[in-house]
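Descriptive structure summary
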Amino acid sequence: DIKQIEPTELDALVGAFSGKTDLELADQLQADIDALKAKQDAGQAPVPKEASGLKTTLENIAGGMGQVLTYNFVIIIGFFVWFVSAVVGQYAFKNDMLLLAFQSKWDVLILPLLSTHMGLTFLSKGIETVSDQMD
């Protein structure tokens, strides 16, 4: 329920603040905060979810998944550096030891990590979409 502000109302708001000192503006801001709190206490104004300190379970899950995805991404970048250095080692130094080691870890470590990362990315987006629709 966002109210559109007309240009004349905006001019009135700007005019109300022009020429005032910082102390006067702070006093006016405090008066506005007190008036809003009084309205909220009387049940006339809704309390925003952020102001009340409540977070939904979905937002907590999405936040945790975001953190897991961040760590996962750093690990994936490390594996990419390993792969690039293995390819350089094979062609520049005729040594395929790093590439063979990378290939041996592909099925047991790297592929599951990439699959988990992709799955969590899609799941996180879905949870965020559902959470946004609940607001």
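The present account deals with the structure reproduced in this document. Since the structure is predicted, the reported quantities are computational estimates derived from the model, not experimental observations.

Overview of the overall build of the protein
Of regular secondary structure, the protein possesses five helices and zero strands. Secondary structure elements in the protein, listed N-terminal to C-terminal, are α-α-α-α-α. Within the protein, the fraction of its 135 residues that count as buried is 13%. Across the protein, contacts joining residues at least 24 apart in sequence account for 52% of those joining residues at least 6 apart.

Describing unusual backbone geometry
Phi is positive for K94, close to 55 degrees, though the residue is something other than glycine. Residue position: K94 is located in the loop between α4 (57–93) and α5 (97–134).

A few points about the packing of α4 against α5
One way to put it is that α4 packs onto α5 with a least axis distance of 8 Å and a crossing angle of 155 degrees. The orientation of α4 with respect to α5, classified from their angle, is roughly antiparallel. Pair α4 / α5 crosses with left-handed handedness. Looking at the contact of α4 with α5 residue by residue, the classes come out as 26 nonpolar, eight polar and three charged.

Focus on a nonpolar patch on the surface
A contiguous nonpolar patch, built from F80, F83, V84, V88 and F93 and spanning about 500 Å² of accessible area, is present on the exposed surface. Assignment of secondary structure puts F93 in helix α4.

As for the side chain of H117
Examined against the element boundaries, H117 turns out to sit in helix α5. For H117, a relative accessible area of 16% puts it in the buried group.

Here we look at the side chain of S124
Examined against the element boundaries, S124 turns out to sit in helix α5. When its relative accessible area of 6% is taken as the criterion, S124 is described as buried. Ignoring any residue separated from it by four or fewer positions in sequence, one finds S124 in contact with A62, M65 and L69.

A look at the packing of aromatic side chains
Under the counting rule described, the total for this entry stands at four aromatic pairs. Their ring planes at 35 degrees and their centres at 6.0 Å tell us that F79 and W82 sit as a pair that is tilted. Residue F79 and its partner W82 are located together in helix α4, separated by three residues, close to a single helical turn. Using a relative accessible area of 13% as the deciding quantity, one classes F79 as buried. With a centroid separation of 6.0 Å and an interplanar angle of 45 degrees, the aromatic rings of F102 and W106 are classed as tilted. Residue F102 and its partner W106 are located together in helix α5, separated by four residues, close to a single helical turn. These aromatic residues form a ring-pair network of at least three members: F79, W82, F83, F102 and W106.

Points about α4
Along its 37 residues, α4 runs 53 Å from first to last C-alpha, staying within 8% of the 54 Å computed at 1.5 Å per residue. Along α4, the residues classified as buried are A62, M65, L69, N72, I76, F79, A86 and G89. Buried residues along α4 sit against α5. Two residues or fewer after α4 comes K94, characterised by a positive phi angle close to 55 degrees.

About the thresholds
- Residues numbered from 1 in each chain as written.
- Predicted model: local features only at pLDDT ≥ 70, side-chain atom pairs only at ≥ 80, totals over all residues.
- Heavy atoms only, no water.
- Helix = DSSP H or I, 4+ residues; strand = E, 2+ residues; numbered from the N terminus.
- Buried < 20%, exposed > 50% of the residue type's maximum accessible area, 1.4 Å probe, protein only.
- Contact = heavy atoms within 4.5 Å.
- Axes fitted to C-alpha atoms, helices over the stretch in contact; angles between N-to-C directions.
- Parallel < 35°, antiparallel > 145°, perpendicular 65-115°, else oblique.
- Left-handed = near helix turned anticlockwise from the far one by under 90°.
- Nonpolar A, V, L, I, M, F, W, Y, C, P; charged D, E, K, R; others polar.
- Patch = residues over 30% accessible without salt bridge, like charges linked within 9 Å, V, L, I, M, F, W, Y side chains within 5 Å.
- Areas by Shrake-Rupley, 256 points an atom, 1.4 Å probe, with all protein chains shown as cover.
- Salt bridge = Lys/Arg side-chain N within 4 Å of Asp/Glu carboxyl O.
- Phe/Tyr/Trp six-rings, centres within 6.5 Å; stacked < 30°, edge-to-face > 60°.
- Expected span 1.5 Å × (residues − 1).

Bear in mind that shape data such as this cannot, by itself, settle questions of function.
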